[in-house]
Amino acid sequence: MLLCVAAGTLHAAGPTPLFAQNGVVASRSPIASEVGVEIMRTGGNAVDAAVATGFALAVTYASVVFFFVWGFLLIHTAEGEVVANDHREKAPLAATHDMYLDEEGEVVEGLSTASPLAVGVPGTVDGLLAALERHGTISRREAIAPAVRLARDGFPLPHDIAQQLASRREAFAEHPATLAVFSKPDGEPFAAGDLFRQPDLAATLERIAEQGRDGFYQGETADLIVREMEQIGGLVTREDLAAYRSAWREPVRGTYREHEIVAMPPPSSGGVLLVQMLNMLEPFDVRGSGFGSAATIHRMIEAERRAYADRAVHLGDPDFYDVPIGLLTSKDYALERLADFNPKAASSSDDVAAGQLPPEGPETTHVSVMDAAGNAVAYTTTLNFSFGAKMVVTGAGFLLNNEMDDFSARPFTPNAYGLIGGEANAIAPGKRMLSSMTPTIVLKEGKPWLVTGSPGGSTIITTVLQVIVNAIDHGMDLGDAVAAPRFHHQWQPNRVIVERHGISPDTRALLEAMGHEQLVEIRWGRGIGDANSAMRAPAGLTAVADPRNAGGAAGL
Ligand code: DON
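All figures in this text were calculated on a predicted structure; none of them were measured in a lab.

The rules we used
- Residues numbered from 1 in each chain as written.
- Predicted model: local features only at pLDDT ≥ 70, side-chain atom pairs only at ≥ 80, totals over all residues.
- Heavy atoms only, no water.
- 1 Å grid on protein atoms, 1.4 Å probe; cavity = no way out; pocket = protein on both sides within 12 Å on 5 of 7 lines; lining within 4 Å.
- Points joined across faces, edges and corners; volume = space filled by probe spheres on them.
- Helix = DSSP H or I, 4+ residues; strand = E, 2+ residues; numbered from the N terminus.
- Core = buried A, V, L, I, M, F, W, Y, C linked by side-chain atoms within 4.5 Å.
- Buried < 20%, exposed > 50% of the residue type's maximum accessible area, 1.4 Å probe, protein only.
- Contact = heavy atoms within 4.5 Å.
- Pairing = 2+ DSSP bridges.
- Axes fitted to C-alpha atoms, helices over the stretch in contact; angles between N-to-C directions.
- Phe/Tyr/Trp six-rings, centres within 6.5 Å; stacked < 30°, edge-to-face > 60°.
- Near = heavy atom within 4 Å.
- Polar contact = N/O pair within 3.5 Å; in protein donor to acceptor, adjacent residues only side chain to side chain.
- Areas by Shrake-Rupley, 256 points an atom, 1.4 Å probe, with all protein chains shown as cover.
- Sits in = over half its atoms within 2 Å of the grid points.
- Nonpolar A, V, L, I, M, F, W, Y, C, P; charged D, E, K, R; others polar.

Attention shifts here to empty space enclosed by the protein. Using a probe with the size of a water molecule, rolled over the atoms, empty space left in the structure can be pinpointed. Going through the model one piece at a time under the given rule, you end up with six cavities of 30 Å³ or more. Approximately 140 Å³ is the volume found for the second largest cavity. Considering the residues around the second largest cavity, the lining is formed by 14 residues, among which Phe291, Gly292, Gln466, Pro485 and Phe487 are closest to the centre. The set of elements that each furnish at least two residues to the lining of the second largest cavity consists of helix 14 (294-314) and helix 17 (459-472).

Set out below in structure tokens:
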């Protein structure tokens, strides 16, 4: 069988999608994508491949995936069942409603992002193993073995990761275990091409391979985590770890122009907002209005404005808050919501203090997998910011997350992504913080057609929206649908973020004349999102790594 690897590239014309007959994987790491394909080559299905790729990413994509994290996994089985595994972090049992406020009730800067109190109880290990048990065909050891090998024997450090490590040396130096993992044994910084070995992480992975979830949530790994928490002053306890379980949830479903949309339900806001925005676009002739035209962008901004306004009030952890999913995703509600739409003028967002643009590059990551039998997996995972809390658990070799910032620290005070929220997303012990992560599977004639998702904080949902609209309305192939320039609006702050060279000067002028006055070119990272995606095409399966970042698609 042929193993073909297409590296993500940076050319503006769009990446060439990879074609394969039997299975494809697109991820942020070419090595991890190959791990997934190898699993399918030896008889595994797309779920086996996604889980093995997930564990491999924890080794090869250092800044994001180490295990003190979480993810959303959306699975379509060959039998036609669609399920969602929610392994979102939970707030520690000792967390409190006002834990990030000072005596005056003001949010203390950095507490929810860059302090030991930023760490939520992790879900990745439970979620990946639960998915493997329920929908996989290979053993836990087989799924984890490639990751163990990569951690133990090492791999040549890619240029982009070496750069990330070099640029964060100062932050790493504040925590000895972090510096030790991300420097050479002699303390010198790694260079591209150096062999990157992670013996502590290999040992942690071996414990998980041997003991399953107990190899992480109990015993030696739990001891190392709790010891670290005691040393740095974090809240996660042995009890928090032992109690953590991922949840199986019913996906959010919608339709868009003869396609079925299946996406992540709360505690993701992604699926609900995606369906809501598609419903608001459906009555509008997007194709006729054209890609990148002022009329299309205006309509999309107005849909985004209304959906994100709903997010701030209505969305939170469904185990704690009754999210009106049915109402928010109904076609009638979308019509009502857009009843005041003026094709010639922007509406105004409420006057709420502006949030900040994300201070870090997009450091979540998304994996799309499809196999020939009809299994498909959309998997998005993150530490939140790049390198999370930037603290490695001493002796265990993995980073701590800073996901607690996704809660609303104080009603209607923006978080790091400028997102605001109320009581629905307030902190409570054991509660999951609201997310924007939007792993999505689009079905055509009842079969998986497009698998997509992205990093990018609040911009994730609009990135997924644009990939879908590009593919369905504008008829783009997968490469163009992913590569096409993106923009983003989220109600508050009231501004439109556009990629560099993303809109023409005359389109900008038309939008400004309608009242979209704050059109801001992004200044961080390479663009909005990183939508590694897969698609069923007439000739077979295709996959593509978003050209905005390094990454790779592999197939067989
Ligand atoms: O769940 C969320 O919405 C965020 N924690 C995602 C963070 C993210 O995408 C980081 N990349 N910019």
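Before going further, it helps to examine the nonpolar core. By size, the foremost hydrophobic cluster in this structure holds 86 residues, and its most contacted members are Leu274, Leu450 and Ile468. If we ignore the near neighbours within four places in the chain, the residues touching isoleucine 468 are Ile261, Leu274, Leu278, Thr440, Val442, Leu450 and Asp473. Of all hydrophobic cores here, the second largest spans 78 residues; its members include Val51, Val119, Val121 and Val226.

Looking now at the sheet that holds strand 14 (residues 447-452). Ordered in space as 2-19-18-14-13-10-9, the seven strands form an open sheet in which the pairing is antiparallel. This sheet does not close on itself; its edge strands, each paired only once, are strand 2 (18-20) and strand 9 (252-256). The mean inter-strand angle of the sheet, taken between neighbouring strand axes irrespective of direction, is 25°. Here five bridges tie strand 9 to strand 10 (residues 259-263), and the two strands are oriented antiparallel to one another. By the bridge assignment for strand 10, glycine 254 is matched with isoleucine 261. Sitting on the sheet, helix 12 (residues 270-281) touches strand 9, strand 10 and strand 13 (440-444), and the angle it makes with strand 9 is about 20°. In the packing of helix 17 onto the sheet, contacts are made with strand 9, strand 10, strand 13, strand 14 and strand 18 (533-537), and the angle to strand 14 comes to roughly 135°.

A separate point is the sheet that holds strand 16 (residues 496-498). Judged by pairing direction, the sheet is mixed, and its three strands sit side by side in the order 15-16-17 without closing on themselves. Among the strands making up the open sheet, the edge pair consists of strand 15 (487-489) and strand 17 (519-521). Pairwise comparison of adjacent strand axes, ignoring direction, gives a mean angle of 25° for this sheet. Against the sheet, helix 14 contacts strand 15 and strand 16, and its axis sits at roughly 40° relative to strand 15.

To continue, consider the packing of aromatic side chains. Tallied over the entire structure, the rule returns 11 aromatic pairs. Pairing phenylalanine 172 with phenylalanine 387 gives two aromatic rings, centres 5.0 Å apart and planes at 70°, and the pair type is edge-to-face. Separated by 215 residues along the polypeptide, phenylalanine 172 in helix 6 (residues 169-173) and phenylalanine 387 in the loop between strand 12 (376-382) and strand 13 bring together distant segments of the chain. Look at tyrosine 217 and tyrosine 244: their rings are 6.1 Å apart centre to centre, the planes differ by 10°, and that puts the pair in the stacked class. Separated by 27 residues along the polypeptide, tyrosine 217 in helix 9 (residues 214-217) and tyrosine 244 in the loop between helix 11 (238-243) and strand 8 (247-249) bring together distant segments of the chain. By the burial criterion, tyrosine 217 is buried, and tyrosine 244 matches it. What links up through ring pairs into an aromatic cluster is the set Phe155, Phe172, Phe182, Phe190, Phe196 and Phe387.

With that settled, consider the site of the ligand. Close to the ligand lie 17 residues, the nearest being Thr364, Asp406, Ser435, Ser436 and Gly457. At 2.9 Å from a nitrogen atom of the ligand is found a side-chain nitrogen or oxygen belonging to asparagine 384. Serine 436 is positioned such that a nitrogen or oxygen atom in its backbone is 2.7 Å from an oxygen atom of the ligand. With the chains in place, 98% of the 340 Å² that the ligand exposes on its own is no longer accessible. Judged by its atoms lying within 2 Å of the grid points, the ligand is housed in the largest cavity. Of the residues that constitute the shell around the ligand, the class distribution is six nonpolar, seven polar and four charged.

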